[in-house]
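# Structural overview
Take a look at the letters that make up each chain.
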Amino acid sequence: NATATIGIYIDLLSLLPAILCTFIAILVLVYTISYISPKNKAYCASSDFNRIYPLSLLLVSSIIGALFSSNMVGLLFFWELISLSLFGLISFWYRERDSVKAAFKCFIMTHIGSLALFVATIVLYSETGTLNIQEYQTSLIPVGISTLIILSLTLVALLPKTAQMPFHTWLPDSTTAPTPVVLLILASDSAGIYLLIRFFTQTFRPVMEQLPFVPFPGFFGNINIWSFILSTIGIITLVSAAANALIETNLKRILGYSVISELGFCVMVTGFASAMGVTSGLFYLSSHLLVAG
């Protein structure tokens with residue numbers, strides 16, 4: 001029987017986004033004190049503002065929980081908490097129609113990912129008999145229909161929280177939220193990039209290496225078809241988001257599309273499935289978080 005426990009697994013790969021995300025959260029929460037101060041006439045204090053602190057702390061705690069989860073039960077739990085925290089923070093101006101619409105859009109898109117992750121967990125357990133993420137690296141071989149389903153569901157699960165096409169449009173809409181919330185939302189993307197690297201360059205790597213390789217290695221390098229799909233999604237997102245930023249006039253939405261484009265680069269180089277690609281993705285993610293903060 002599966003043991004429904006929440007285990008902890010910490011390594012250098014998970015520590016980097018956890019430290020950066022925590023650092024950004026500290027800066028944001030300190031800035032929030034001034035942002036919601038009664039002296040700030042544009043955002044006069046009221047009881048509504050009390051929600052921003054607990055929801056922000058819940059979001060950051062959920063991100064760290066997802067980064068340090070050693071099994072799928074813990075990951076599912078914290079993955080759902082991230083979605084609920086985002087919904088509460090984006091709907092902060094609940095009296096404004098745009099904020100409510102943006103919050104529900106985020107809720108629906110991120111829950112498509114949560115549902116995909118839930119189904120992937122069921123298939124993973126039925127195939128391997130374990131919920132421990134570290135054990136999947138050796139227990140999913142050989143490749144079959146079930147493993148291809150798992151790869152597909154995992155990709156769908158991660159696309160919304162990495163703001164990749166076609167589940168990226170919630171992020172620029174979410175910029176209707178207060179400025180501190182927008183910065184926290186940008187920091188939350190680190191969890192999606194981390195899990196993308198964890199699953200598709202480590203956990204599922206033996207499975208992916210058995211897949212056919214792309215027919216033009218001179219351009220993409222010697223990568224398998226699944227890595228090619230991942231890189232293609234990143235490239236399309238990178239270019240399309242940059243194009244949307246060029247024609248956008250709202251400064252906060254321009255920032256949102258810029259972030260999507262940067263995340264597209266991280267996904268693209270992660271798909272190359274090489275040490276240099278993963279290093280580039282982590283370096284760019286770090287610079288993205290520091291610049292956003």
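Our subject is the structure listed above.
Structural notes, computed from the coordinates. (Residues numbered from 1 in each chain as written. Predicted model: local features only at pLDDT ≥ 70, side-chain atom pairs only at ≥ 80, totals over all residues. Heavy atoms only, no water.)

## Brief notes about the packing of aromatic side chains
Think of a pair of aromatic rings as described by two things: how far the centres are apart, and how the planes are tilted against each other in angle. Where we set the bar: Between 30 and 60 degrees the pair is tilted, below 30 it is stacked and above 60 it is edge-to-face, where a pair is any two Phe, Tyr or Trp rings, Trp via its six-membered ring, whose centres lie within 6.5 Å.
Applying the stated rule across the entire model yields five aromatic pairs. Relative to Phe 204, the ring of Phe 199 lies with its centre 5.3 Å away and its plane at 25°, an arrangement referred to as stacked. Linked through ring pairs, Phe 87, Phe 104 and Phe 107 together constitute an aromatic cluster.

## Describing helix H6 (residues 145-158)
Cut-off, in case you're wondering: Secondary structure counts use DSSP, requiring at least four H or I residues in a row for a helix and at least two E residues in a row for a strand, with both numbered from the N terminus. The length a helix should cover is 1.5 Å for every residue beyond the first. A 1.4 Å probe rolled over the protein chains alone gives each residue an accessible area, and that area as a share of the maximum for its type sets the label: buried under 20%, exposed over 50%, partly exposed in between. Only heavy atoms matter for contacts: two residues are in contact if any of them lie within 4.5 Å across the pair.
The end-to-end C-alpha separation of H6 is 20 Å, in line with the 20 Å expected for 14 residues at 1.5 Å each. Within the span of H6, buried status applies to Ser 146, Thr 147, Ile 150, Leu 151, Leu 153, Thr 154, Leu 155, Ala 157 and Leu 158. If you follow the buried residues of H6, they end up packed against helix H3 (72-90), helix H4 (97-128), helix H8 (179-203), helix H9 (205-208) and helix H11 (225-247).

## Some thoughts on the packing of helix H2 (residues 52-67) against H3
When two helices pack together, their arrangement is given by the angle between their axes and by how far apart the axes lie. Worth spelling out the cut-off: Axis lines are fitted to C-alpha atoms, over the contacting stretch for helices. Their N-to-C directions set the angle, which ranges from 0 to 180 degrees. Roughly parallel covers angles under 35 degrees, roughly antiparallel covers those over 145, roughly perpendicular covers 65 to 115, and oblique covers all other angles. Note: crossing handedness is left-handed where the near helix turns anticlockwise from the far helix by less than a right angle, and right-handed where it turns clockwise.
One way to put it is that H2 packs onto H3 with a least axis distance of 8 Å and a crossing angle of 150°. In this view, H2 runs roughly antiparallel relative to H3, as classed from their interaxial angle. Crossing geometry of H2 relative to H3 is assigned as left-handed. Note on element contacts: H3 touches H2 through Leu 75, Phe 78, Trp 79, Leu 81, Ile 82, Ser 85, Leu 86, Gly 88 and Leu 89, opposite Ile 52, Leu 55, Ser 56, Leu 58, Leu 59, Ser 61, Ser 62, Ile 63, Gly 65 and Ala 66.

## Some points on the packing of H3 against H8
The test is simple: The residue classification treats Ala, Val, Leu, Ile, Met, Phe, Trp, Tyr, Cys and Pro as nonpolar and Asp, Glu, Lys and Arg as charged. All others, Gly included, are polar.
Running from N to C, H3 and H8 point in directions that differ by 155°, and their axes come no closer than 11 Å. Viewed along their axes, H3 and H8 adopt a mutual orientation that is roughly antiparallel. Like other packed secondary-structure pairs, H3 and H8 cross with a definite hand, here left-handed. Between H3 and H8, the residues in contact are Met 72, Leu 75, Trp 79, Ile 82, Leu 86, Leu 89 and Ile 90 and Val 181, Ile 185, Ser 188, Ala 191, Gly 192, Leu 195 and Phe 199, respectively. Residues that form the contact of H3 with H8 fall into these classes: twelve nonpolar, two polar and no charged.

## Things to note about helix H12 (residues 251-271)
This is how it is decided: Between N or O atoms, a polar contact is any pair within 3.5 Å; within protein, one atom must be a potential hydrogen donor and the other a potential acceptor, and residues adjacent in sequence are included only when both atoms are from side chains.
Between its terminal C-alpha atoms H12 stretches 30 Å, which fits the 30 Å expected from 21 residues at 1.5 Å a residue. Between the side-chain oxygen at the start of H12 and the backbone nitrogen of Lys 252 there is a gap of 3.0 Å, and the oxygen is on Asn 250.

## A short note on the nonpolar core
In plain terms, the rule: By nonpolar core is meant a set of buried Ala, Val, Leu, Ile, Met, Phe, Trp, Tyr and Cys residues that side-chain atoms within 4.5 Å join together.
Residues Met 72, Leu 75, Trp 79, Phe 199, Phe 200 and Phe 204 are the most contacted members of the largest nonpolar core, which totals 86 residues. The element best represented in this core is H8, accounting for 15 residues. In this structure, Leu 75 is in contact with Ala 66, Ser 69, Leu 117, Ile 133, Leu 195 and Phe 199, ignoring residues within four places of it in sequence.

## As for the pattern of salt bridges
For clarity, the threshold we go by: Salt bridges are counted wherever a side-chain nitrogen of Lys or Arg sits within 4 Å of a carboxyl oxygen of Asp or Glu.
Tallying each qualifying case throughout the model produces four salt bridges. In this structure, the salt-bridge partner of Arg 253 is Asp 173, at a minimum N-O distance of 2.8 Å. You can see Arg 253 sitting in helix H12 and its partner Asp 173 sitting in helix H7 (residues 170-173), a full 80 residues away along the chain. Judged by relative accessible area, Asp 173 falls into the buried class, the value being 19%. Within the structure, one salt-bridge network assembled from shared partners comprises Lys 105, Asp 173, Glu 248 and Arg 253.

## Quick notes on a nonpolar patch on the surface
This is how the line gets drawn: To count toward a patch, a residue needs a relative accessible area over 30% and no salt bridge; like charges are then connected within 9 Å, while nonpolar side chains (Val, Leu, Ile, Met, Phe, Trp, Tyr) are connected within 5 Å. Values of accessible area rely on a 1.4 Å probe in the Shrake-Rupley scheme; residue burial ignores everything except the protein chains shown.
On the surface, Ile 8, Ile 10, Leu 12, Leu 15 and Ile 19 cluster together into a nonpolar patch covering about 540 Å² of accessible area. Among the structural elements, Ile 19 can be located in helix H1 (residues 12-35). Ile 19 sits in the exposed class, given a relative accessible area of 54%.

## Remarks on the environment of Ala 191
As for its placement among the helices and strands, Ala 191 is situated in helix H8. Separated by 124 residues in sequence, Ala 191 and Leu 67 place their C-alpha atoms 6.3 Å apart.

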